[in-house]
Amino acid sequence: MIRRAVVLALVLAMGAIFATLLAGYAPDGDLNLTARYYADRTAPDIGSANIVTAIIVTYRGLDTLGEVTVLFLSATIVGLVLAGGRRRETAQRPPVPVGELLTTGSRFLVPLIMLLGVYVFVNGHLTPGGGFQGGAVVASGVLLMLLADPLKHFSHRLIAAVESVAGFAYVVIGVLGLVLAGGFLDNRILPLGELGALASAGAIPLIYSLVGLKVGAEFSSMLASLSETEEL
Amino acid sequence: MIAQIAMATGFALILIGLYGALTNHNLLRMIVAFTIADTGVNIVIVAVGYMAGRTAPILDAAVPAAEAAQRIIDPVPQALVLTAIVIGLGITALMLAYAYKLYQKKRTLDIGKLTELKW
Amino acid sequence: MLAMTLLLCVAMIGAALVAIRTDGLPVSILAAGLLSLLASVVFLVLASPDVAMTEAAIGSGLTTFLFFFVLGRVRSGEREGGEHD
């Protein structure tokens, strides 16, 4: 078929470009200037043990604010696109039988999953993980709740409240950085503390917890919107 | 060497995803192909930052702050990819929502039957 | 380490081919989820634990479920057909 041949030619052409890139790739022997700056200055300036966290929350904090905004927009659009006709009563449908195992298991597991999520985002400046990962873990707890009780109407209002309060507090902390420290989202509004302690790195644990709550609420709202769509 | 292997795999995944997205007729399967290409791009970017014999950019007892610059790999690509993965889920959810809406209207996921978009 | 990376990469390409060539959509979605899971191990090998965690939680966990939510709605109406040209 001619269409498939065109596609194949396109893919092969891109493959040729990629092969050239790969053949010309030589790994760096040393860190480049930017990375070296981050490696040297993170401990004294930011006080965060995890350099990736320092980059995401402080050095490129404005990017992260934009990212969270994009995520909020896409969650909103998903809700908006799927909103038509969702309000019809889900309770009228005959209850879908959910296994006893899933119901009991979710009662036991959901608090643990939520706790793990909170642990992941509170320790974001010390260990791998942070707001985005922790938010995703929290959202998987919500997902388990959705699976165990599909008929329960999920509280969109609570999700929206958590989401907007966390987002607002995030921006307020950013502005506080502008007033009390060196710039927007500067983490030095709180004492830096000792490297490696839980209460260290200034405002990073606070900011990353807020990001975690916000991201968790956004993912939960996406999952709830998609799972509550009307049966055809 | 590990970086080159991972990078080649990433490029291969991009090509596979592209091919799948262009040849399949089912909308859901096109979205699956897009997520495959997405993963491929992420692997390529992370592989660019990798340096053999170095460790993750986390300061602890094994990597003291004073010699961090000699011991860790480039943290910038990791921060970028972390962002890209999160945004990737947002985009996937958006594509799925539109695909579902389209299905509700047209009762089909086959793009061959969605004649308004025919070229 | 090198052998493990090679094995993972071959498995990833295999999963990707299954995902775009197989007949059933559920298999395709699961193969894409498996691909993400393997990718998170590759990220770990590439010394990026942060990215590995994100990929495992988001790429292979939540994305797969989003697909299944939509698939569950769609399947009741239509048996898929006309997959390949």
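Owing to the predicted nature of the structure, the values given are computational and were not obtained by experimental measurement.

**Quick look at the confidence of the model for chain B**
And then number 1: Here chain B shows a mean pLDDT of 84. Residues at 70 or above account for 97%.
And then number 2: Element-level mean pLDDT values for chain B span from 75 in helix α3 (residues 68-71) of chain B up to 90 in helix α2 (residues 27-49) of chain B.

**Focus: the packing of aromatic side chains**
All names here are of chain A.
And then number 1: For the structure on display, the rule yields five aromatic pairs over all chains.
And then number 2: Judged by centre distance (6.2 Å) and plane angle (65°), the ring pair of Tyr-37 and Tyr-59 falls under edge-to-face. One end of the pair, Tyr-37, is in helix α2 (residues 33-46); the other, Tyr-59, is in helix α3 (residues 51-59), with 22 residues separating them in the sequence.
And then number 3: Look at Phe-132 and Tyr-208: their rings are 6.5 Å apart centre to centre, the planes differ by 85°, and that puts the pair in the edge-to-face class. In this pair, Phe-132 sits in helix α6 (residues 131-148) while Tyr-208 sits in helix α8 (residues 204-227), placing the two residues 76 residues apart along the sequence. Considered together, Phe-132 and Tyr-208 belong to a single accessibility category, that of buried residues.
And then number 4: Clustering of aromatic rings is evident, with ring pairs tying together Tyr-37, Tyr-38 and Tyr-59.

**Focus on the interface of chain C and chain A**
And then number 1: Contacts between chain C and chain A engage 16 residues on the former and 24 residues on the latter.
And then number 2: Regarding the contact of chain C and chain A, the summed buried area is about 1,900 Å², with carbon and sulfur atoms giving 67% of it.
And then number 3: Per-residue buried area on chain C facing chain A is highest for Asp-50, Phe-69 and Arg-73 of chain C; these three make up 35% of the total on that side.
And then number 4: Between chain C and chain A we count zero salt bridges in total.
And then number 5: The tally of links between chain C and chain A comes to four residue pairs in polar contact (both at pLDDT 80 or more).
And then number 6: It is helix α3 (residues 49-75) of chain C that provides the largest number of residues to the side of chain C that touches chain A, a total of 13 residues.
And then number 7: The residue inventory of the side of chain C that touches chain A, partitioned by class, reads nine nonpolar, three polar and four charged.

**Describing the nonpolar core**
And then number 1: Of all hydrophobic cores here, the largest spans 118 residues; its most connected members are Phe-132 and Phe-219 of chain A.
And then number 2: When near neighbours in sequence (up to four residues on either side) are disregarded, Phe-132 of chain A contacts Ile-56, Thr-64, Glu-67, Val-68, Tyr-208, Val-211 and Val-215 of chain A, Leu-82 and Val-86 of chain B together with Ile-58 of chain C.

**Examining the packing of helix α4 (residues 61-81) of chain A against helix α4 (residues 75-106) of chain B**
Any two packed helices are characterised by how steeply their axes cross, that is the angle between the axes, and by the distance between the axes.
And then number 1: At a minimum axis separation of 9 Å, α4 of chain A and α4 of chain B run at an interaxial angle of 15°. Between α4 of chain A and α4 of chain B, the interaxial angle falls into the category roughly parallel. Crossing of α4 of chain A over α4 of chain B shows left-handed handedness. On the side of α4 of chain A, the interface is formed by Glu-67, Val-70, Leu-71, Ser-74, Ile-77, Val-78 and Val-81 of chain A, while α4 of chain B contributes Leu-82, Thr-83, Val-86, Ile-87, Gly-90, Ala-93, Leu-94, Ala-97, Tyr-98 and Lys-101 of chain B.

**Observations regarding the pattern of salt bridges**
Residue and element names in this part refer to chain A.
And then number 1: With the rule as written, the count across this model stands at two salt bridges over all chains.
And then number 2: Between Lys-214 and Glu-163 there is a salt bridge, with its nearest N and O atoms 2.5 Å apart. Of the two residues, Lys-214 sits in helix α8 while Glu-163 sits in helix α7 (residues 156-180), which places them 51 residues apart along the sequence.
And then number 3: Of the residues examined, Glu-163 reaches a relative accessible area of 8% and is grouped as buried.
And then number 4: Where Lys-214 meets Glu-218, a salt bridge forms, and the shortest distance between an N and an O atom there is 3.4 Å. Of the two residues, Lys-214 and Glu-218 are both situated in helix α8; the distance of four residues between them amounts to about one turn of the helix.

**Remarks on a nonpolar patch on the surface**
And then number 1: Taken together, the side chains of Phe-168, Val-171, Val-172, Val-175, Leu-176, Leu-178, Val-179 and Leu-180 of chain A make up a nonpolar region of the molecular surface, amounting to roughly 740 Å² of accessible area.
And then number 2: Inspection of the secondary structure puts Val-171 of chain A in helix α7.

**A word on the confidence of the model for chain C**
All names here are of chain C.
And then number 1: For chain C, per-residue confidence averages 83 on the pLDDT scale, and 88% of positions sit at 70 or higher.
And then number 2: Element-level pLDDT for chain C is lowest in α3, with a mean of 86, against a maximum mean of 90 in helix α2 (residues 25-45).
And then number 3: For residues 80-85, every residue scores under 50 in pLDDT, and the model assigns this stretch 23 contacts once sequence neighbours within four places are set aside.

Calculation criteria
- Residues numbered from 1 in each chain as written.
- Chains lettered and ligands numbered in written order.
- Predicted model: local features only at pLDDT ≥ 70, side-chain atom pairs only at ≥ 80, totals over all residues.
- Heavy atoms only, no water.
- pLDDT = per-residue confidence, 0-100.
- Helix = DSSP H or I, 4+ residues; strand = E, 2+ residues; numbered from the N terminus.
- Phe/Tyr/Trp six-rings, centres within 6.5 Å; stacked < 30°, edge-to-face > 60°.
- Buried < 20%, exposed > 50% of the residue type's maximum accessible area, 1.4 Å probe, protein only.
- Contact = heavy atoms within 4.5 Å.
- Buried area = accessible area lost by both parts, 1.4 Å probe.
- Salt bridge = Lys/Arg side-chain N within 4 Å of Asp/Glu carboxyl O.
- Polar contact = N/O pair within 3.5 Å; in protein donor to acceptor, adjacent residues only side chain to side chain.
- Nonpolar A, V, L, I, M, F, W, Y, C, P; charged D, E, K, R; others polar.
- Core = buried A, V, L, I, M, F, W, Y, C linked by side-chain atoms within 4.5 Å.
- Axes fitted to C-alpha atoms, helices over the stretch in contact; angles between N-to-C directions.
- Parallel < 35°, antiparallel > 145°, perpendicular 65-115°, else oblique.
- Left-handed = near helix turned anticlockwise from the far one by under 90°.
- Patch = residues over 30% accessible without salt bridge, like charges linked within 9 Å, V, L, I, M, F, W, Y side chains within 5 Å.
- Areas by Shrake-Rupley, 256 points an atom, 1.4 Å probe, with all protein chains shown as cover.

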